[in-house]
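Observations on the three-dimensional arrangement
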Amino acid sequence: MPHLQTYLLKGLTELRSGGATFSGTAAEIYAAGVADRVSELDNALSALRLTMDFVMDLGNQPSPDPDVFRYHYENFVLRVIGFVDRAHRLVGSALLMDKAKFESIGGNRFVQEQVRTNHPDIHAALQSVTQAVESYRGPRNELIHAAAFTSRELGLFQSIRQFGVDTDGIDVEELARRHFSEGSREIALTIAHLVEALTTLLDSLAPHFTIAAEHNDGNPQKKSAPERADQA
């Protein structure tokens, strides 16, 4: 945090004066890079929690709209797989790997190969992140390449709503609320698994952060003030 704080203050000072670049030590730039990666994970978790809240609210509405559920659930499926890439990029930044390699196609495999032998605890933590969301990979690929999300229950609710089908006294709205509540619980459980896996990953990286925090480098490097201050 001390390295990150001095780095951000430098950027803000330079931005206020209208400068284009500012000097940062290797430790400061490292701290800022890692903080960016962690922020990406935090922001993604916040987005998943918002989705969970929207779906949970559907379970309390008198007449929940299945199209609204589909929209939010698709958003969840599309976002949740991204944690795998974000986690691997955090490791790549934390261990000072070649950025061009860990951010390219096949970057996750590159990171895994680097940590498999030398850092088995980090490798295991990355595997846990992957396992927490792996069941959504197929549905996510379907959404991207084939069709909108659907299920047996969702199809029933949509057809009855669209065609005004007489349900012979069956409380369809209550069934829909129950189904959407189950969806919110599924999302909550996935978030919990992700938080646990990401916490383990950060714990496995902690010794490397400690070494970086104690580093003192007097050789400054140049960075763009507007770019860094905007991320701050």
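Residues numbered from 1 in each chain as written. Predicted model: local features only at pLDDT ≥ 70, side-chain atom pairs only at ≥ 80, totals over all residues. Heavy atoms only, no water.

To continue, consider the layout of surface pockets. In this structure, the second largest pocket occupies an estimated 330 Å³ of space. Lining the second largest pocket are 14 residues; nearest its centre among them are Met-1, Ala-31, Val-34, Ala-35 and Phe-209. Among the elements of the structure, helix 1 (2–16), helix 2 (26–58) and helix 10 (172–213) are those that each provide at least two residues to the lining of the second largest pocket. Here the lining of the second largest pocket gets six residues from one element, more than from any other, and that element is helix 2. Residue composition of the lining of the second largest pocket, by class: 13 nonpolar, one polar and no charged. (1 Å grid on protein atoms, 1.4 Å probe; cavity = no way out; pocket = protein on both sides within 12 Å on 5 of 7 lines; lining within 4 Å. Points joined across faces, edges and corners; volume = space filled by probe spheres on them. Helix = DSSP H or I, 4+ residues; strand = E, 2+ residues; numbered from the N terminus. Nonpolar A, V, L, I, M, F, W, Y, C, P; charged D, E, K, R; others polar.)

Turning to the pattern of salt bridges, a few remarks are in order. Within the structure shown, the criterion is met by seven salt bridges. The salt bridge partner of Arg-37 is Glu-40, with a shortest N-O separation of 3.8 Å. With Arg-37 and Glu-40 both in helix 2 and three residues apart, the pair spans about one turn of that helix. Glu-40 sits in the partly exposed class, given a relative accessible area of 30%. Across the pair Arg-137 and Glu-134 runs a salt bridge, and its minimum N-O distance is 3.2 Å. (Salt bridge = Lys/Arg side-chain N within 4 Å of Asp/Glu carboxyl O. Buried < 20%, exposed > 50% of the residue type's maximum accessible area, 1.4 Å probe, protein only.)

Between helix 3 (residues 66–80) and helix 9 (residues 152–163), whose axes approach to 9 Å, the crossing angle comes to 145°. Between helix 3 and helix 9, the contacting residues are Pro-66, Asp-67, Phe-69 and Arg-70 on the first element and Leu-154, Phe-157, Gln-158 and Arg-161 on the second. (Axes fitted to C-alpha atoms, helices over the stretch in contact; angles between N-to-C directions. Contact = heavy atoms within 4.5 Å.)

Next up on the list: the packing of aromatic side chains. A complete count under the given rule lists five aromatic pairs for this structure. With a centroid separation of 5.1 Å and 85° between ring planes, the pair formed by Phe-76 and Tyr-136 is classed as edge-to-face. In this pair, Phe-76 is assigned in helix 3 and Tyr-136 in the loop between helix 7 (120–133) and helix 8 (137–145), connecting sequence segments 60 residues apart. Taking relative accessible area as the criterion, Phe-76 reaches 0% and is therefore assigned buried. For Tyr-136, a relative accessible area of 6% translates into the label buried. One aromatic cluster is present, formed by Phe-69, Tyr-73, Phe-76, Tyr-136, Phe-157 and Phe-180 through successive ring pairs. (Phe/Tyr/Trp six-rings, centres within 6.5 Å; stacked < 30°, edge-to-face > 60°.)

A word on helix 3. For helix 3, which comprises 15 residues, the first-to-last C-alpha distance of 21 Å matches the rise-based estimate of 21 Å (1.5 Å per residue) to within 8%. Taken residue by residue, helix 3 has Pro-66, Phe-69, Arg-70, His-72, Tyr-73, Glu-74, Phe-76, Val-77 and Val-80 as its buried positions. Buried residues in helix 3 make contact with helix 2, helix 4 (82–94), helix 7, helix 8, helix 9 and helix 10. (Expected span 1.5 Å × (residues − 1).)

Here we take up the packing of helix 7 against helix 10. Axis separation between helix 7 and helix 10 bottoms out at 9 Å; the angle between their running directions is 165°. Taken together, the axes of helix 7 and helix 10 lie roughly antiparallel to each other. Helix 7 and helix 10 meet at a crossing whose hand is left-handed. Facing helix 7, whose interface residues are Asp-121, Ile-122, Ala-125, Leu-126, Ser-128, Val-129, Ala-132 and Val-133, helix 10 presents Thr-190, His-193, Leu-194, Ala-197, Leu-198, Thr-200, Leu-201, Ser-204, Leu-205 and His-208. (Parallel < 35°, antiparallel > 145°, perpendicular 65-115°, else oblique. Left-handed = near helix turned anticlockwise from the far one by under 90°.)

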